[in-house]
Amino acid sequence: GEYGETEIKAMVAACLENSAWSAKSGKMVRNSRPTGRRDQAIVVVLVETGIRASELCDLEMRDYDQKKGQLHIRHGKGDKSRFVPLPKQLVEPLRRLVEQRRRLHERDVANGEASVWLPHALDRKYPSAHAEFKWQFLFASARFSRDPKTGKRHRHHLHSDTFPVHLKTAVN
């Protein structure tokens, strides 16, 4: 459904503060999920740009051009690519998200777990590309998943069905 400005601000606040309003207790309660900044950035990006949730989930670090202030949507509706300009209010949430993703990636590299599934034959052409930051998903899953074909563990993108569940939990 459509949300008004008040509801959107409540969603952003709930995600950013990693807390939620509890209808049962009638007060704000702390949420233990470590994904608050990611979820807050998702709400703001979806609301301010109008891109589809599936397009958002597929964004890689290389698709975010901070200098030009735009996102590169690859294989959007009709398998077309386009550039989406970013409003100024997205600069700070995305900067914080990229900083958080970089720390997570560095931890994954230090643990020998930095890996992402690469399209087509890129993994054969560039054997170490799977661990490069630019190929990592901007909105990454908090957990690793195992590729059923290769058995390799990867940090895949956030599933488009996962975020609405987290958001509902955060604001209810």
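Quick look at the structure, then. (Residues numbered from 1 in each chain as written. Predicted model: local features only at pLDDT ≥ 70, side-chain atom pairs only at ≥ 80, totals over all residues. Heavy atoms only, no water.)

**With respect to the overall build of the protein**
What the protein contains, in helices and strands, is 6 helices and 7 strands. Sequence-ordered secondary structure for the protein, helices as α and strands as β, is α-β-β-α-α-β-β-β-α-α-β-β-α. Per-residue burial over the protein gives 41% buried out of 172 residues. Long-range pairs, those at least 24 residues apart, make up 54% of the contacts in the protein between residues at least 6 apart in sequence. Counting every atom, the protein has about 10,700 Å² of accessible surface; 53% of that belongs to carbon and sulfur. (Helix = DSSP H or I, 4+ residues; strand = E, 2+ residues; numbered from the N terminus. Buried < 20%, exposed > 50% of the residue type's maximum accessible area, 1.4 Å probe, protein only. Contact = heavy atoms within 4.5 Å. Areas by Shrake-Rupley, 256 points an atom, 1.4 Å probe, with all protein chains shown as cover.)

**As for the pattern of salt bridges**
Across all of its chains, the model carries 10 salt bridges by this definition. Salt-bridge contacts for Arg96 lead to Glu92; the nearest nitrogen and oxygen are separated by 3.7 Å. Of the two residues, Arg96 and Glu92 are both situated in helix 4 (residues 91–110); the distance of 4 residues between them amounts to about one turn of the helix. For Arg96, a relative accessible area of 18% gives the class buried. Overall, the relative accessible area of 33% leaves Glu92 in the partly exposed class. (Salt bridge = Lys/Arg side-chain N within 4 Å of Asp/Glu carboxyl O.)

**Re the packing of helix 2 (residues 36–49) against helix 4**
Relative to each other, helix 2 and helix 4 sit at 145°, their axes nearing to 9 Å. The crossing of helix 2 and helix 4 is left-handed. Residues Arg37, Arg38, Gln40, Ala41 and Val45 of helix 2 touch helix 4, and the partners they reach there are Pro93, Leu94, Arg96, Leu97 and Gln100. Classifying every residue of the contact of helix 2 with helix 4 gives 5 nonpolar, 2 polar and 3 charged. (Axes fitted to C-alpha atoms, helices over the stretch in contact; angles between N-to-C directions. Left-handed = near helix turned anticlockwise from the far one by under 90°. Nonpolar A, V, L, I, M, F, W, Y, C, P; charged D, E, K, R; others polar.)

**Focus on the sheet that holds strand 5 (residues 82–85)**
The antiparallel open sheet is built from 3 strands, whose spatial order is 3-4-5. Two strands lie at the open edges of the sheet, namely strand 3 (64–65) and strand 5, each paired on one side alone. (Pairing = 2+ DSSP bridges.)

**Examining unusual backbone geometry**
Of note, the phi angle at His75 is positive, near 55°, even though the residue is not glycine. The topology assignment puts His75 in the loop between strand 4 (70–73) and strand 5. What makes His75 exposed here is its relative accessible area of 56%.

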